[in-house]
Amino acid sequence: QVQLVESGGGLVQAGGSMRLSCAASKNIFSINDMGWYRQAPGKQRELVAIITRGGSTNYADAVKGRFTIPRDNAKNMVYLQMNSLKPEDTAVYYCNADTYGGGYWGQGTQVTVSS
């Protein structure tokens with residue numbers, strides 16, 4: 001079964017850092033873009049960051065300068081390095097992968113930033 005699995009979420013103090021990981025199953029082939037989205041209660045799901053297979057990136061204005069989205073194409077993995085975290089970053093973070101055959105979503109991982 002094709003699957004994306006996120007890990008690395010949890011509770012962190014404001015100003016701290018956290019690194020999320022997303023691993024795609026081996027039977028997901030020819031991934032084009034990989035990205036991270038987030039959704040807080042009562043808010044729309046929003047794009048956080050995206051990286052193309054060629055390495056081009058795009059970041060939401062709210063996270064520019066604080067987050068980066070490294071990718072390892074050979075391992076079918078993408079990461080989200082989050083620095084200088086703020087309470088408003090609190091959300092469920094979802095990994096996404098796009099292929100020519102369709103799109104895939106992870107189940108999400110909770111990130112909570114306190115104080």
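This one's a predicted model, so the numbers in the text were calculated from it and none came from an experiment.

## Describing the nonpolar core
Part 1: Residues Trp36, Leu80, Met82 and Tyr93 are the most contacted members of the largest nonpolar core, which totals 29 residues.
Part 2: Once residues lying within four places of it in the same chain are set aside, the contact partners of Met82 are Gly16, Ser17, Met18, Leu20, Arg66, Phe67, Tyr93 and Val111.

## A closer look at the packing of aromatic side chains
Part 1: Under the counting rule described, the total for this entry stands at one aromatic pair.
Part 2: We note Arg19 situated over the ring of Tyr79; from NZ or CZ to the ring centre the distance is 4.4 Å.
Part 3: One cation-aromatic arrangement involves Arg45 over Tyr94; the distance from NZ or CZ to the ring centre is 3.9 Å.

## Here's the deal with the pattern of salt bridges
Part 1: Applying the stated criterion across every chain yields a total of four salt bridges.
Part 2: Asp89 is the partner of Arg38 in a salt bridge, and the nearest nitrogen-oxygen pair spans 3.0 Å. Highlighted residues: Arg38 in strand β4 (residues 31-39) and Asp89 in the loop between β9 (77-82) and β10 (91-99), separated in sequence by 51 residues.
Part 3: We classify Arg38 as buried; its relative accessible area is 6%.
Part 4: Classification of Asp89 by relative accessible area gives buried; the value is 0%.
Part 5: Among the salt bridges present, the one from Lys64 reaches Asp61, with a minimum N-O distance of 3.0 Å.
Part 6: A relative accessible area of 48% means that Lys64 is categorised as partly exposed.
Part 7: Residues joined in a network through salt bridges with shared partners are Arg38, Glu46, Arg66 and Asp89.

Here is what the cut-offs are and how they apply
Residues numbered from 1 in each chain as written. Predicted model: local features only at pLDDT ≥ 70, side-chain atom pairs only at ≥ 80, totals over all residues. Heavy atoms only, no water. Core = buried A, V, L, I, M, F, W, Y, C linked by side-chain atoms within 4.5 Å. Buried < 20%, exposed > 50% of the residue type's maximum accessible area, 1.4 Å probe, protein only. Contact = heavy atoms within 4.5 Å. Phe/Tyr/Trp six-rings, centres within 6.5 Å; stacked < 30°, edge-to-face > 60°. Lys NZ or Arg CZ within 6 Å of the ring centre and 35° of its normal. Salt bridge = Lys/Arg side-chain N within 4 Å of Asp/Glu carboxyl O. Helix = DSSP H or I, 4+ residues; strand = E, 2+ residues; numbered from the N terminus.

The values reported here are purely geometric and, on their own, carry no functional implication.
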